[in-house]
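# A structural walkthrough
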Amino acid sequence: MILVLRALGVGDLATGVPALRALRAAYPGSELALVAPRWLTPLVELVGGVDRQVVADGLGRLGWSGPPPDVAVNLHGRGPQSHRMLAGVRPRRLLAFANAEAGWHDGPPWRAEEHEVDRWCRMLGWYGIRTDRGDLALRRPGPGGLPTGVTIVHPGAKAAQRRWPPECFAAVARELAGRGHRVVVTGSPGERDLAADVARRAGLPADAVLAGATDVGELAALVAHARLVLCGDTGIGHLATAYATPSVLLFGPVPPAAWGPPPDRPWHEALWAGPIPAGDGRAVHPALAELDVPAVLAAVDRVTAAARSRSVAGRRVPAQAAGHPLATHR
């Protein structure tokens with residue numbers, strides 16, 4: 001049995017997909033269990049290849065009553081807490097970054113300046129497990145009762161530094177609505193007031209506010225069938241990458257080189273005005289504040305044009321030749 005720790009959020013799970021797929025391929029006959037928060041269950045089900053979810057809402061003692069896993073894999077962090085959490089279930093083998101504080105000297109060294117996808121692919125490669133860093137697609141759920149073909153504006157983010165001003169989001173939303181986009185505003189339950197403020201400033205109807213009205217699985221379905229995603233450096237941007245939905249991501253203070261979409265997919269664009277010295281941490285980061293509405297609208301035009309070109313190219317290839325559900329044909 002393979003036990004994998006990735007007890008974090010939407011973007012963390014999405015960027016760990018290539019590593020999870022590589023582990024599935026490396027141990028085809030073994031049960032693969034993923035340690036992740038309960039609220040991520042709908043998204044875990046869209047990854048594919050995960051046989052069981054072990055619920056953990058962070059680090060600490062893992063409620064594990066089964067036999068010791070054959071292999072435990074730390075896709076959570078550099079340690080020592082995450083290393084110790086897995087060591088507590090007494091796996092026969094641990095795959096992880098080297099961490100002297102945890103008493104673990106096997107594994108490659110941690111590199112702070114590394115893209116999150118590449119980090120875990122490199123770690124597994126050190127142990128001889130082949131990975132494909134481009135294998136980021138998630139299973140595409142049906143839309144259910146959710147609207148399709150919408151443009152999603154997602155103004156929230158966990159940290160204040162990563163939130164572009166609401167008046168700027170509203171200005172873009174107003175312009176896109178004027179161009180014929182059906183704009184909806186998403187977010188967590190705690191971001192409903194922010195979403196309502198953006199919608200009001202943009203002149204959108206009240207039913208355009210979907211913040212707090214979707215769980216993570218429904219949010220994935222909304223993105224999978226959307227026309228466009230506009231957001232900051234947060235989880236929904238990774239869902240756009242997973243479903244090849246055109247997206248414009250606004251970065252700061254962390255550069256796109258650490259968490260951005262693959263640079264070879266022009267239907268996703270990450271905007272960043274850095275490097276700029278950090279602000280006080282209580283307001284939008286200066287690198288993000290530098291981004292203006294015209295620059296964002298220009299990026300929208302570029303990603304939508306790239307998506308149209310990709311769609312036209314794809315129609316020239318027979319469906320059975322596509323293979324991967326998000327394969328690009330050019």
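Residues numbered from 1 in each chain as written. Predicted model: local features only at pLDDT ≥ 70, side-chain atom pairs only at ≥ 80, totals over all residues. Heavy atoms only, no water.

### What to know about the nonpolar core
We count it as follows: What is meant by a nonpolar core is a set of buried Ala, Val, Leu, Ile, Met, Phe, Trp, Tyr and Cys residues, joined one to another through side-chain atoms within 4.5 Å. Think of it in three bands: with a 1.4 Å probe and only protein chains considered, a residue is buried below 20% of the maximum accessible area for its type, exposed above 50%, and partly exposed in between. Under the scheme used here, helices are H or I runs from DSSP no shorter than 4 residues and strands are E runs no shorter than 2 residues, and both carry numbers assigned from the N terminus. Contact criterion: two residues are considered in contact whenever any of their non-hydrogen atoms come within 4.5 Å of each other.
One finds Leu43 and Val73 to be the most contacted residues of the largest nonpolar core, which totals 49 residues. In terms of residue count, helix H8 (residues 216–224) provides more of this core than any other element does, six residues in total. Not counting residues up to four positions away in its chain, the partners in contact with Leu43 are Val10, Leu13, Leu138, Val216, Ala220 and Leu239. One finds Ala170, Leu176, Ala208 and Leu291 within the second-largest nonpolar core, a separate group that totals 32 residues.

### Describing the environment of His83
Take His83: it is sitting in helix H4 (residues 81–87). It is 9.7 Å that separates the C-alpha atoms of His83 and Glu101, two residues lying 18 residues apart in sequence. Sequence-distant contacts of His83, defined by excluding residues within four places in its chain, comprise Asn74, Gly77, Arg78, Ala96, Phe97, Asn99, Ala102 and Trp104.

### Some words on the pattern of salt bridges
Note the cut-off: Salt bridge, as used here: a side-chain nitrogen of Lys or Arg that lies within 4 Å of a carboxyl oxygen of Asp or Glu.
The full count for this structure, using the stated rule, is 14 salt bridges. Linking Glu175 and Arg179 is a salt bridge whose minimum nitrogen-to-oxygen distance equals 3.1 Å. Linking Asp301 and Arg179 is a salt bridge whose minimum nitrogen-to-oxygen distance equals 2.9 Å. You can see Asp301 sitting in helix H12 (residues 293–314) and its partner Arg179 sitting in the loop between helix H6 (166–178) and strand E7 (183–185), a full 122 residues away along the chain.

### A closer look at helix H5 (residues 116–126)
With eight of its eleven residues buried, H5 lies for the most part within the structure. Three or more residues of H5 are buried, namely Glu116, Val117, Arg119, Trp120, Cys121, Arg122, Met123 and Leu124. In the core, the buried residues of H5 are packed alongside helix H1 (10–15), helix H2 (17–26), strand E4 (71–74), strand E5 (94–95) and helix H10 (256–259). Gly128 lies just past H5 and shows a positive phi near 85°.

### Considerations on the sheet that holds strand E1 (residues 2–5)
We count it as follows: Pairing between two strands requires that DSSP report at least two bridges joining them. For helices, the fitted axis covers only the stretch in contact; all axes are lines through C-alpha atoms, and the angles between them, taken along N-to-C directions, range from 0 to 180 degrees.
Pairing in this open sheet of five strands is parallel, and the strands run E3-E2-E1-E4-E5 from one edge to the other. Single-partner strands in this sheet number two, and they are strand E3 (52–55) and E5. By the bridge criterion, four bridges tie strand E2 (residues 32–36) to E3 in an arrangement that is parallel. Looking at the pairing, Leu34 lines up with Gln53 of E3. Where H2 meets the sheet, it contacts E1, E2 and E4, and its direction lies at approximately 155° from that of E2. The sheet contacts of H5 involve E4 and E5, and relative to E4 the element is tilted by about 145°.

### Observations concerning the pairing of E1
Every second residue of E1 is oriented toward a common face, with Ile2 and Val4 on one face and Leu3 and Leu5 on the other, all of them buried. Judged from the four bridges that link them, E1 and E2 form a sheet pairing that is parallel. Counterpart to Leu5 in the pairing with E2 is Val35. Pairing analysis gives four bridges linking E1 to E4, with the strands arranged parallel. Within E4, the residue paired with Val4 across the bridge is Val73.

### Here's the deal with the pairing of E2
Applied cut-off: With strands facing away from the observer, any crossover in which the path from the first strand over the helix to the second runs clockwise is taken as right-handed.
Burial runs high along E2: five of the five residues are buried. Residues Leu32, Leu34 and Ala36 point to one face of E2 and Ala33 and Val35 to the other, with burial holding for every one of them. What joins E2 to E3 is helix H3 (residues 41–47), and the crossover it makes is right-handed.

### Observations concerning the packing of H8 against helix H9 (residues 235–242)
Under the convention used in this document: For classification purposes, angles smaller than 35 degrees are called roughly parallel, those larger than 145 roughly antiparallel, those between 65 and 115 roughly perpendicular, and all remaining angles oblique. Rotating anticlockwise by less than a right angle from the far helix to the near helix defines a left-handed crossing, while the corresponding clockwise rotation defines a right-handed one.
Relative orientation of the contacting elements H8 and H9 amounts to 50°, with a least axis distance of 9 Å. Judged by the angle between their axes, H8 and H9 are oblique. H9 is crossed by H8, and the crossing has right-handed handedness. Contact residues: H8 offers Leu219, Ala220 and Val223, while H9 offers Ile236, Leu239 and Ala240.

### What to know about H8
Selection criterion: Polar contact criterion, stated in full: a pair of N or O atoms within 3.5 Å, where within protein one must be able to donate a hydrogen and the other to accept it, and residues adjacent in sequence count only if both atoms are side-chain atoms.
Taken across its nine residues, H8 has eight buried, putting it largely inside the fold. For H8, the complete set of buried residues consists of Val216, Gly217, Leu219, Ala220, Ala221, Leu222, Val223 and Ala224. Contacts made by the buried residues of H8 are with H1, H3, strand E6 (151–154), E7, strand E8 (228–232) and H9. Where H8 begins, one side-chain oxygen reaches toward the backbone nitrogen of Gly217, 3.0 Å away; that side chain belongs to Asp215.

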